[in-house]
Amino acid sequence: MLVETPKGLRCSVDTANVRPFWGRALRYFGTSAAALYLAGAIGVFIFLRIVGYPVSIVHVALPPLWHRVGQARGWFFLERSNRAFAEGKTAEGLLYLDNSYQFDPGNYAAGLSLAKHYQVGQPARSDEIFARLRNDHPNNAHATAQDWYRALLARGSFQKITTLARDETLSDSAHAAVWVRALIFAARQTNDPAVLRELVADNSAAAKRWRPVFATELLLRDKRTAEARAAVSRPWPTEDRTGFSIFYRVQVLIELGDTLEALDLLEKHSAQLDDEARRTLRLEAFAVRGSTTALNQEIEQLLAPRFTPQNLSIIKVICAQLIRYPDAGIFERLWTKVQREQLVLSTDTAGAWFSLLCAAGAVGDYARLNELTNRLKQASKSPFIALNLVEAFFRGETSERRITTFLPILPLPLEVTYALVERYGGQTAPVPTPGKRV
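Numbers given to residues run from 1 along each chain, matching the order in which its sequence is written. Predicted model: local features are reported for residues with pLDDT of at least 70 only, side-chain atom pairs are reported and counted for 80 or more only, and whole-chain, interface and lining totals are derived from all residues. Hydrogens are left out, water is left out, and the side-chain values use all remaining heavy atoms of the structure.

Trainee: Which residues make up unusual backbone geometry, and what values go with them?
Mentor: The phi angle at Lys223 is positive, at roughly 65 degrees, despite the residue not being glycine. Only DSSP runs of H or I with at least four residues qualify as helices, and only runs of E with at least two residues qualify as strands; both kinds are numbered from the N terminus onward. Turning to its location among the elements, Lys223 is positioned in the loop between helix H12 (211-221) and helix H13 (225-233). A relative accessible area of 70% means that Lys223 is categorised as exposed. You will see that Gln342, though not glycine, has its phi angle at about 50 degrees, which is positive. With respect to the helices and strands, the residue Gln342 is situated in the loop between helix H19 (328-340) and helix H20 (350-363). Burial here depends on accessible area, computed with a 1.4 Å probe over protein chains only, as a share of the maximum for the residue type. Under 20% is buried, over 50% is exposed, and the range in between is partly exposed.

Right under this line is the structure:
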């Protein structure tokens, strides 16, 4: 307390006995603030747990771990999204999935699923997410590019395919053959070989590896067929370990009508190709040559064994063949075998069933087309009304004649998608003509 002295008011306590109080004040206020913070954290934690977020009190209380809260919210909405999709509630599932990715942009699985779902109704948003995933997840960049390519191909976005395929050709050596084929396919669809000329002039090792393929394709684009035939007939460098160069050379010979030479080249280098590639090329060569007996024998051999998960790709190969070279008789034999063996419609076999749907439409078997449409609709958890439009497309009853309007909703193998785009990529759909590529 203060007392009166000759020199004025002074503290009554001796200076030696005065103790500072700031430390105690700071401890008091610090303890109070910590208690309030902890109480707030506990309150937030309880709220989040009541909502259902799988969070820990540690994630809520420690600022360095706050990002885990966003991740937990993302997983919460992802789980609800999966549940909604399983129950056939597509719109609800898509909303939850979007929320999941917004709360946790680092969740690659959620982002990839969202990009795939958006390719039908919001293609620009789908491309934006694919590009972000490819940039933000470098370990998955090449896998993301392949998923993105499938989406772009189904929509017929060939300019974007060209850019993506060029970049991947120059950077992804393990899967370069896939991207070289994509580049050639896109160049043919756009009738713009500029990217091929660019790559022929590129002296990088990745580009030089494929220079014979690009140079030959340019000869074909320039109508220099004699030079193209000579180019694919002579031996090529052996840097391509994937076998795509052989596949391409055989296919070019078939396109030029030199089917015997194509079959000889295929037989000579058959070990470099997988079963699907060999079967695809043999069927195409026989169809172009008009060798009905050889074609039927090949089909008979393919259909001889029972369908198993290991050989189910046979259906894909035959369906792609029938889309390119319609033959109602061959489709009937394939359908009879599918029926006889009672092929189950499941997630693993969906690609085969949708391939059968497209093959039925391509060969003009409208009774089977309708039967397959109804069966696939019944198996779906949602009404899948869009399949009626697909059926109408193959019947020629829609004003839209580009298959890419409908491909994004169809879970098809890549080879079948290629075949459909080749045949139905223009304004009008050719009338089925057995034994002739259309």
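Trainee: Give a detailed account of the packing of helix H18 (residues 313-324) against H19, specifying residues and quantitative values.
Mentor: Pairs of packed helices are described in terms of their axes, by the angle between the two and the distance that separates them. A fitted line through C-alpha atoms serves as each axis, taken over the contacting stretch for helices, and the angle formed by two N-to-C directions is quoted from 0 to 180°. For the pair H18 and H19, interaxial distance at closest approach is 10 Å and the crossing angle is 155 degrees. By the angle class used here, H18 and H19 are roughly antiparallel. In terms of crossing hand, the pair formed by H18 and H19 is left-handed. Here Ile315, Ile318, Cys319 and Leu322 of H18 come into contact with H19, specifically with Ile330, Phe331, Leu334 and Val338. Note that the term roughly parallel is reserved for angles under 35 degrees, roughly antiparallel for angles over 145, roughly perpendicular for angles of 65 to 115, and oblique for everything else. Put simply, a crossing is left-handed when the front helix is turned counterclockwise from the back one by less than a right angle, and right-handed when it is turned clockwise. Residue contacts are defined here by distance: any two heavy atoms, one from each residue, within 4.5 Å place the two residues in contact.

Trainee: So, the layout of surface pockets: which residues are in play, and what are the values?
Mentor: Points on a 1 Å grid, built from protein atoms alone, make a cavity when a 1.4 Å probe fits but cannot get out and make a pocket when they are open with protein on both sides within 12 Å along at least 5 of 7 lines; residues with an atom within 4 Å of a point are the lining residues. Grid points are joined across faces, edges and corners, and a volume is the space filled by probe spheres set on the points. Of the voids in this model, the largest pocket is the one considered here, and its volume is about 1,700 Å³. Forming the walls of the largest pocket are 36 residues, and the residues nearest its centre are His117, Pro408, Ile409, Leu410 and Pro411. The set of elements that each furnish at least two residues to the lining of the largest pocket consists of helix H4 (90-103), helix H5 (108-121), helix H7 (141-155), H20, helix H21 (366-379) and helix H23 (414-424). Just so you know the grouping, Ala, Val, Leu, Ile, Met, Phe, Trp, Tyr, Cys and Pro go in nonpolar, Asp, Glu, Lys and Arg go in charged, and all remaining residues, Gly too, go in polar. Residues that form the lining of the largest pocket fall into these classes: 21 nonpolar, 11 polar and 4 charged. In this model, the second largest pocket occupies a volume close to 600 Å³.

Trainee: Just give me the short version of the packing of aromatic side chains, but keep the residues and values in it.
Mentor: Two descriptors summarise a pair of aromatic rings, namely the distance from one centre to the other and the angle between the planes of the rings. Two rings from Phe, Tyr or Trp (for Trp, the six-membered ring) form a pair when their centres are within 6.5 Å of each other. A pair whose planes differ by under 30 degrees is stacked, one over 60 is edge-to-face, and the rest are tilted. Taken as a whole and judged by the stated rule, the model has 13 aromatic pairs. Members of the aromatic cluster, each reached through a chain of ring pairs, are Trp210, Trp236, Phe244, Phe247 and Tyr248. Lying over the aromatic face of Tyr418, Arg181 brings its terminal NZ or CZ to 4.2 Å of the ring centre. Cation over ring: Lys337 sits above Phe307, and NZ or CZ is 5.0 Å from the ring centre. By the criterion adopted, a ring carries a charge over it if an Arg CZ or a Lys NZ lies within 6 Å of its centre and within 35 degrees of its normal.

Trainee: Please give an account of H13 that cites residues and values.
Mentor: Buried residues of H13: Ala228, Ala231 and Val232, and no others. The buried residues of H13 occupy an angular sector of 90 degrees when the element is viewed end-on, so they sit on one face. Packed against the buried residues of H13 are H12, helix H14 (244-255) and helix H15 (259-268). Here, the arc refers to the directions that run from the helix axis to the C-beta atoms.

Trainee: Describe the state of the cysteines, naming the residues involved and giving the relevant values.
Mentor: The definition used for a disulfide is geometric: two cysteine sulfur atoms within 2.5 Å. Overall, the coordinates contain 0 disulfides when judged by the stated rule. Left without a disulfide partner, Cys319 is nearest to the cysteine sulfur of Cys358, which lies 8.3 Å away.

Trainee: If you had to explain the nonpolar core to someone new, which residues and values would you point to?
Mentor: Ranked by internal contacts, the top residues of the largest apolar core, which has 114 residues, are Ile315, Ile318, Leu334, Leu356, Phe394 and Leu420. Sorting elements by how many residues they give to this core places H20 first, with 11 residues. If we skip the residues at most four places from it in the chain, Ile318 touches Ile299, Leu302, Leu303, Ile330 and Leu334. Here, nonpolar core refers to any group of buried Ala, Val, Leu, Ile, Met, Phe, Trp, Tyr and Cys residues whose side-chain atoms link them within 4.5 Å.

Trainee: How would you summarise the pattern of salt bridges if you had to cite specific residues and measurements?
Mentor: The rule for a salt bridge is simple: a side-chain nitrogen of Lys or Arg has to be within 4 Å of a carboxyl oxygen of Asp or Glu. Applying the stated criterion to the full structure yields 25 salt bridges. In this structure, the salt-bridge partner of Glu276 is Lys316, at a minimum N-O distance of 2.5 Å. Here Lys316 lies in helix H18 and Glu276 lies in helix H16 (residues 275-289), a separation of 40 residues in the sequence. Judged by relative accessible area, which is 29%, Glu276 ranks as partly exposed. Put simply, Glu298 and Arg282 hold a salt bridge, and the shortest N to O gap is 3.1 Å. Of the two residues, Glu298 sits in helix H17 (residues 292-303) while Arg282 sits in helix H16, which places them 16 residues apart along the sequence. Judged by its relative accessible area of 28%, Arg282 falls in the partly exposed class. Counted as one network, the salt bridges with shared partners bring together Arg181, Arg324, Glu415 and Glu422.

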